[in-house]
Amino acid sequence: MYIQDQLQEIKAHIAAAEQRAGRPAGSVKLLAVSKTFPVEDIMQAYNDGQRLFGENRLQEAMSKIPAMPADCEWHLIGPLQRNKVRKALEQGFGLLQAVDSLRLAEAISRIAGELGCTARILLEVNVDGEASKHGFTPAEVQELWPQLTTLPQLEICGLMCIPAPTEDPEGARPAFRSLRTLAETLRTRGPLPLPELSMGMSHDYAVAVEEGATIVRVGSAIFGKRDYAAH
Ligand SMILES: *Cc1c(COP(=O)(O)O)cnc(C)c1O
């Protein structure tokens, strides 16, 4: 019951935040981040109507996806190594959310071409300049935009960010706002509509919705505390 109660509560919070921000109801997709949690837990969310799930490690995703009903959509939200691109594309993720370099984007486009598909991706942007983080800086995205947008087998659907953790959810607001502003700038440059902004996690998703998130990535608030030691 725990998981289903949490899901209901989070959906209510998302709806309230949409309303506060004057956004239409249903503007935001809830991505249930199931990393480290077993298939039984994911099935509980499924039985409550959840269909969109996120995993951050390819290997783990590949063991869980075949164990779940086929009408789930899966997003890869963790870093992808170039030598794993083929496996990731063959797995058929709905969205690769953490594309963090031009070289990776080029590899995805090339291999998608070999497989006869188009890869849907988000560009991960390091909006708060944290040194240890993955992602393009906003300046890099701007500079590489012509190259990124002409990769033939890539559909860049939007941007994602993982800001540095802050005690207070409000602490992430400037980062969320920067990501939205960057997307607005890129839209004016064309040629892409860039509909998706993936931002906000368990403790700050409501703030992210207020700032324009279209996908929030929520793990522990749905499934409980993660036990990394068990994996
Ligand atoms: C684990 C993870 C999340 C979910 O984090 P919670 O704080 O458990 O909601 C979101 N995004 C990414 C990229 C993650 O790796």
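Preceding this paragraph is the structure being described.
Residues numbered from 1 in each chain as written. Predicted model: local features only at pLDDT ≥ 70, side-chain atom pairs only at ≥ 80, totals over all residues. Heavy atoms only, no water.

**Student:** Hey, could you run me through the overall build of the protein chain in this one?
**Tutor:** Looking only at helices and strands, the protein chain features nine helices and eight strands. For the protein chain, the C-alpha radius of gyration of 17 Å lies close to 17 Å, the compact-globule estimate for 231 residues. Along the first, second and third principal axes, the C-alpha atoms of the protein chain reach 50 × 40 × 35 Å. In the protein chain, which comprises 231 residues, the proportion classed as buried is 51%. Within the structure as shown, the protein chain displays about 10,600 Å² of accessible surface, and the carbon and sulfur contribution to it stands at 52%. (Helix = DSSP H or I, 4+ residues; strand = E, 2+ residues; numbered from the N terminus. Rg over C-alpha atoms; globule rule 2.2 N^0.38 Å. Buried < 20%, exposed > 50% of the residue type's maximum accessible area, 1.4 Å probe, protein only. Areas by Shrake-Rupley, 256 points an atom, 1.4 Å probe, with all protein chains shown as cover.)

**Student:** What's the story with the packing of aromatic side chains in this structure? I'm lost.
**Tutor:** A full pass over the atoms with the stated rule returns two aromatic pairs. Ring centres 5.2 Å apart and planes at 25° place the aromatic pair Phe37 and Phe223 in the stacked group. One end of the pair, Phe37, is in the loop between strand 1 (29–33) and helix 2 (39–47); the other, Phe223, is in helix 9 (residues 220–223), and 186 residues separate them in sequence. For Phe223, a relative accessible area of 6% translates into the label buried. Ring geometry for Phe53 against Trp74: centres 5.4 Å apart, planes inclined by 35°, an arrangement best described as tilted. Of the two residues, Phe53 is situated in strand 2 (residues 52–55) and Trp74 in strand 3 (residues 73–76); the sequence distance between them amounts to 21 residues. Each of the two residues, Phe53 as well as Trp74, counts as buried. The cationic tip of Arg51 hangs over the ring face of Tyr46; the distance from NZ or CZ to the ring centre is 3.6 Å. (Phe/Tyr/Trp six-rings, centres within 6.5 Å; stacked < 30°, edge-to-face > 60°. Lys NZ or Arg CZ within 6 Å of the ring centre and 35° of its normal.)

**Student:** What exactly am I supposed to notice about helix 5 (residues 102–115) here?
**Tutor:** Two residues of an α-helix separated by three or four positions point the same way, owing to the 3.6 residues in each turn. Taking 1.5 Å per residue, 14 residues should reach 20 Å; helix 5 reaches 20 Å between its end C-alpha atoms and fits that length. Restricting attention to buried positions, one finds in helix 5 the residues Leu102, Leu104, Ala105, Ala107, Ile108, Ser109, Ile111 and Ala112. In the segment just after helix 5, Gly116 is the residue with positive phi, at about 70°. (Expected span 1.5 Å × (residues − 1).)

**Student:** Any chance you could explain the side chain of Gln4 here in plain terms?
**Tutor:** Mapping Gln4 onto the fold places it in helix 1 (residues 2–20). For Gln4, a relative accessible area of 18% translates into the label buried. Side-chain polar atoms of Gln4 contact the backbone oxygen of Gln44, separated by 3.1 Å. Those residues within four positions of Gln4 in sequence are excluded, and the remaining contacts are Gln44, Asn47 and Asp48. (Polar contact = N/O pair within 3.5 Å; in protein donor to acceptor, adjacent residues only side chain to side chain. Contact = heavy atoms within 4.5 Å.)

**Student:** Explanation requested: the site of the ligand in the structure shown.
**Tutor:** Residues in contact with the ligand, as listed here, are Val33, Lys35, Ile77, Ile162, Met201, Ser202, Arg217, Val218, Gly219, Ser220 and Arg226. Backbone polar atom of Ser220 to an oxygen atom of the ligand: 2.8 Å apart, as the coordinates give it. Arg226 places a polar side-chain atom, nitrogen or oxygen, 2.7 Å from an oxygen atom of the ligand. When the ligand is considered free in solution it has 390 Å² of accessible area, and contact with the protein chains removes 90% of it. The residue inventory of the shell around the ligand, partitioned by class, reads five nonpolar, three polar and three charged. (Near = heavy atom within 4 Å. Nonpolar A, V, L, I, M, F, W, Y, C, P; charged D, E, K, R; others polar.)

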